[in-house]
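Residue strings, one per chain:
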Amino acid sequence: MSTVMRDTQDPTSTPAVKQNKTRTVAIGEARPQWWLYLTLGVGLVVMVTPFVWMALSSLKPEAEIRANPPTWWPQTFTLENFTELFTRLDFPQFFTNSAVVAVFVTLGNLVFCSMLGYAFAKIDFWGRAWLFRIVLGTMMIPGIVMLVPLFVLVSRLGLVDTYAGLILPFLAGPFGVFLMRQFISALPDELIDAGRIDGAGEFRIFAQIILPLCKPALATLGILTFLGSWNNFLWPLVVASSEDKYTLPVALALYSVGQNENNYGLMLAGAVAVVAPVVLVFLILQKHIIQGIATTGIK
Amino acid sequence: MATSTAARVPAPADSPGRGAAPVRRSTPLRRRRSIAAWGFAAPFVLLFLVFTAWPVISSLLMSVTDIKSRDLQNPFNVNFVGLDNFATVLADPLFWQAARNTGYFVVVGVPVVMFVSLMVALALNTGITRLSGFFRVGYFMPVVTSIVAVAVVWRFLLKDDNGIINVVLGWFGIDGPNWLGDPNWSMPAMILMAVWRSMGTLIVIFLAGLQGVPASLHEAAALDGANAVQRLRLITVPIMRPTLLFGAVLTGIGYLQLFEEPLVMTNGGGPLNSTLSVSLYIYRQFGFGNYGIASAMSYLLFLAIVLLTLLQFRLLTERDPRPRRKARQTTEREGSAR
């Protein structure tokens, strides 16, 4: 996007800036100051507290969650909230549903978006400009605009309360096309020309030359799509009408709103179950995830 | 261009570019590539037409009919009603309350989260090299988690009697409000949580933008006696204008669609509908089976998103009258035609 102007060779720059070659800007003094650490540290504690509190409280008995004043560290540890999650609710089913939907949605996006991304990036085809504009334009349309007609469509197709109904609308998203196009555009044209000279067809060039080079982009798209699907809420809430098709967020929301809201321990254990896998994946793959957000700016 | 010269001196046959383009456009090779490209596009375009393009169009069609959920069985029952649905929506005081609540959330929430995120990004960019990765992960963590799950957790954090937030406020002698139970405090509570949740994205985007601010400018300004605030205002912010605009538009679009937080944290509307958002009201109308009304509201929300985006472009680009670059791929590839 914007040009990066590095000026580390500048002879007039102060030694403090020079030491720090990866940074180009220094607000205030270049050397870190204790109050900066302190402020950022306090901020970090604030950011992480909800997660820590959630994890600790899910291990407390019901009475202690309600206790006033509240406790930080559980006075009595108990796993009863989690056993209840498995016995009173069909938790393994919700987990499976979320996983099935997320896996298929991710695979679909990887395949379809990389194909179209390649066409957009490297083939000068008829209709490319307006197709690209239309696909990108839909990124701004809020999901709720499509809620009603999509529900009508899916119910006409007889797909309400089916995996197909949960998966199909998300199988090919504009975000993936954009990301793949950006990445493939940066690959050298010579690779493709070489393939063409060697007599490879367009599909062979895509499958054997382009796709292997796209691994970083595919990884980013895969992770982001999986997370997006795992956390998706509105559409599963509408389409999954019976309990054996609920995804985790839907189950969690329906059990924490209305009459069910009085079992606090169960709610917190459910929240842990939804958040824990994602946080784990994030901590392992955070570089790719943050990079993906930085390059595309969209979650 | 120079027509007289061209008439006298014929262009050399091997001149790159000039004559090549019109010839290339009609080659069978090019046509074959077009077909191949549409082959690549076909699966996506098919899904896109059915599950995105059609719903968008049909939503517009539904917004001018009296379609209700029961008409799913009998589509011939549906009547054209013109702009009646829009009139009904615009005359509905509850819709205006939802619009006010959503507007409050955007107008207060976006500047707050932009400011806080910019400050954190500046701090992280100041040279805490060894720890900045660690900080970034911490600040980013809420972004990847399910809104529903964190909304459940924040429900507890914001409790009146034994919520952690009021307990911490109590340490400073502040008597915290009944956040989710008081109509005056329920929206600030939503904003508090939204800021916490969306800071990470903005920090990452701003950090990327800060890489484009040359240190030499800051040094020159510092030599001229500009203090940190002046340098932020006169150097960093103008150079980061495109990045800031991008962040503001992105956050604004997201905040206009507020839905999960009030649904989960305040049981779908809050005290006296004080957290009823437009999205939530659309969902409520959908639940009542008023599909036509819900579609009309959806388009009003969409209109608001488009307007906000245009407004933000205007506000943030007016001081930067750079000419728009039109990179035509053909001229680039075939060299300059001069």
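Residues numbered from 1 in each chain as written. Chains lettered and ligands numbered in written order. Predicted model: local features only at pLDDT ≥ 70, side-chain atom pairs only at ≥ 80, totals over all residues. Heavy atoms only, no water.

An unreviewed UniProt entry lists chain B under the name Sugar ABC transporter permease, with Pengzhenrongella sicca as the source organism. In its Sequence similarities (unreviewed entry) section, UniProt records this for chain B: "Belongs to the binding-protein-dependent transport system permease family." As recorded by UniProt, the Subcellular location (unreviewed entry) comment attached to chain B reads in full: "Cell membrane". (UniProt positions renumbered as here; feature names shortened; annotations may be inferred.)

**Examining the overall build of chain B**
Scanning chain B from N- to C-terminus turns up 16 helices and zero strands. Going through the 338 residues of chain B one by one, you find that 51% of them count as buried. Summarising the internal contacts of chain B: among those between residues at least 6 apart in sequence, 68% fall at separations of at least 24. By element, 64% of the accessible surface of chain B is carried by carbon and sulfur atoms, the whole surface being about 16,700 Å². (Helix = DSSP H or I, 4+ residues; strand = E, 2+ residues; numbered from the N terminus. Buried < 20%, exposed > 50% of the residue type's maximum accessible area, 1.4 Å probe, protein only. Contact = heavy atoms within 4.5 Å. Areas by Shrake-Rupley, 256 points an atom, 1.4 Å probe, with all protein chains shown as cover.)

**Observations concerning unusual backbone geometry**
With the exception of glycine, the majority of residues adopt a negative phi angle, and the majority of peptide bonds are in the trans configuration. Residues and elements named next belong to chain B. Despite not being glycine, L272 shows a phi value in the positive range, around 55 degrees. Positionally, L272 belongs in the loop between α13 (260–265) and α14 (278–288). The backbone of N273 shows a phi angle near 55 degrees, a positive value even though the residue is not glycine. Structurally, N273 can be placed in the loop between α13 and α14. On the basis of relative accessibility, which here comes to 22%, the residue N273 falls in the partly exposed class.

**A word on the interface of chain A and chain B**
Chain A puts 115 residues into the contact, and the matching count from chain B is 108 residues. When the two sides are added together, the surface that chain A and chain B hide from each other amounts to roughly 9,900 Å², 74% of it contributed by carbon and sulfur. The tally of links between chain A and chain B comes to one salt bridge. For E202 of chain A, the salt bridge is made with R33 of chain B, and the minimal N-O distance between the two is 3.5 Å. For the pair chain A and chain B, the number of links is 12 residue pairs in polar contact (both at pLDDT 80 or more). Top element by residues in the side of chain A that touches chain B is helix α15 (residues 264–296) of chain A. It accounts for 16 residues. In terms of residue class, the side of chain A that touches chain B is built from 81 nonpolar, 21 polar and 13 charged. (Buried area = accessible area lost by both parts, 1.4 Å probe. Salt bridge = Lys/Arg side-chain N within 4 Å of Asp/Glu carboxyl O. Polar contact = N/O pair within 3.5 Å; in protein donor to acceptor, adjacent residues only side chain to side chain. Nonpolar A, V, L, I, M, F, W, Y, C, P; charged D, E, K, R; others polar.)

**A few points about the environment of S155 of chain A**
Structurally, S155 of chain A can be placed in helix α7 (residues 143–156). Judged by relative accessible area, S155 of chain A falls into the partly exposed class, the value being 25%. Taking the C-alpha atoms as reference points, S155 of chain A and G117 of chain A, 38 residues apart in sequence, are found 31 Å from one another. The residues touching S155 of chain A, leaving out its near neighbours within four places in the chain, are V160 of chain A together with L72 of chain B.

**Describing a nonpolar patch on the surface**
On the surface, W72, W73 and F77 of chain A together with W171, F172 and I174 of chain B cluster together into a nonpolar patch covering about 810 Å² of accessible area. Residue position: I174 of chain B is located in the loop between α8 (164–171) and α9 (186–210). (Patch = residues over 30% accessible without salt bridge, like charges linked within 9 Å, V, L, I, M, F, W, Y side chains within 5 Å.)

**Concerning the packing of helix α11 (residues 202–213) of chain A against helix α12 (residues 215–231) of chain A**
Residue and element names in this part refer to chain A. Here α11 crosses α12 at 70 degrees, and the two axes come no closer than 5 Å. With respect to their mutual orientation, α11 and α12 come out roughly perpendicular. Here L211, P212 and L213 of α11 lie close against α12, whose contacting residues are K215, P216 and L218. Taken together, the residues of the contact of α11 with α12 break down into five nonpolar, no polar and one charged. (Axes fitted to C-alpha atoms, helices over the stretch in contact; angles between N-to-C directions. Parallel < 35°, antiparallel > 145°, perpendicular 65-115°, else oblique.)

**A closer look at helix α11 (residues 228–239) of chain B**
Residue and element names in this part refer to chain B. With 12 residues, α11 extends 15 Å from end C-alpha to end C-alpha; this agrees with the ideal 16 Å at 1.5 Å per step. Turning to α11, its buried residues number three or more, namely R231, L232, I235 and T236. Along the long axis of α11, the arc covered by the buried residues comes to 125 degrees, so they all point the same way. In α11, those exposed residues whose orientation departs by more than 90 degrees from the buried face are V229, R233 and L234. Along its buried surface, α11 packs onto α5 (93–125), α9 and α10 (215–223). The opening residue of α11 is N227, an N-cap whose side-chain oxygen sits 3.1 Å from the backbone nitrogen of V229. (Expected span 1.5 Å × (residues − 1). Arc of directions from axis to C-beta.)

**Concerning the UniProt feature "transmembrane region" (unreviewed entry) in chain B**
Per the UniProt record, "transmembrane region" (unreviewed entry) is found at residues 35–57, 103–125, 137–157, 189–210, 239–258 and 296–316 of chain B. The span residues 35–57 of chain B shows a helical share of 100% and a strand share of 0%, and its end C-alpha atoms are spaced 27 Å apart.

**Some details on the packing of α11 of chain B against helix α12 (residues 241–256) of chain B**
Residue and element names in this part refer to chain B. Two elements in contact, α11 and α12, have axes whose closest approach is 4 Å; the angle formed by their N-to-C orientations is 65 degrees. It follows that α11 is roughly perpendicular to α12 by the angle criterion. Contact with α11, carried on its side by V237, P238 and I239, involves R241, P242 and L244 of α12 and no other residues of that element. For the contact of α11 with α12, the class distribution of residues is five nonpolar, no polar and one charged.

**A look at helix α7 (residues 147–157) of chain B**
The buried count for α7 of chain B comes to 11 of 11 residues, which makes it a mostly enclosed element. Residue S146 of chain B occupies the N-cap position of α7 of chain B, its side-chain oxygen lying 3.2 Å from the main-chain nitrogen of V148 of chain B.

**Side note on the packing of aromatic side chains**
All names here are of chain A. Within the structure shown, the criterion is met by 31 aromatic pairs over all chains. The residue whose ring lies beneath R66 is Y264, and the NZ or CZ to ring-centre distance is 4.2 Å. Across from the ring centre of Y163, 5.1 Å away, lies the NZ or CZ of K245, which sits over that ring. (Phe/Tyr/Trp six-rings, centres within 6.5 Å; stacked < 30°, edge-to-face > 60°. Lys NZ or Arg CZ within 6 Å of the ring centre and 35° of its normal.)

**A closer look at the state of the cysteines**
By definition, a disulfide links two cysteine residues through a covalent bond between their sulfur atoms. Going through the model one piece at a time under the given rule, you end up with zero disulfides over all chains. No disulfide involves C113 of chain A; its sulfur sits 12 Å from the nearest other cysteine sulfur, which is in C214 of chain A. (Disulfide = S-S within 2.5 Å.)

**Here we look at the pattern of salt bridges**
One pass over the full model with this rule turns up nine salt bridges over all chains. E84 of chain A is paired through a salt bridge with R88 of chain A; the nearest N and O atoms lie 3.2 Å apart. On the basis of relative accessibility, which here comes to 47%, the residue R88 of chain A falls in the partly exposed class. For R196 of chain A, the salt bridge goes to D193 of chain A, with nearest N and O atoms at 3.9 Å. Placement of the pair is R196 of chain A and D193 of chain A together in helix α10 (residues 189–197), with a separation of three residues, close to one helical turn. For R196 of chain A, a relative accessible area of 21% corresponds to the partly exposed category. Through salt bridges with shared partners, a single ionic network connects D193, R196 and E202 of chain A together with R33 of chain B.

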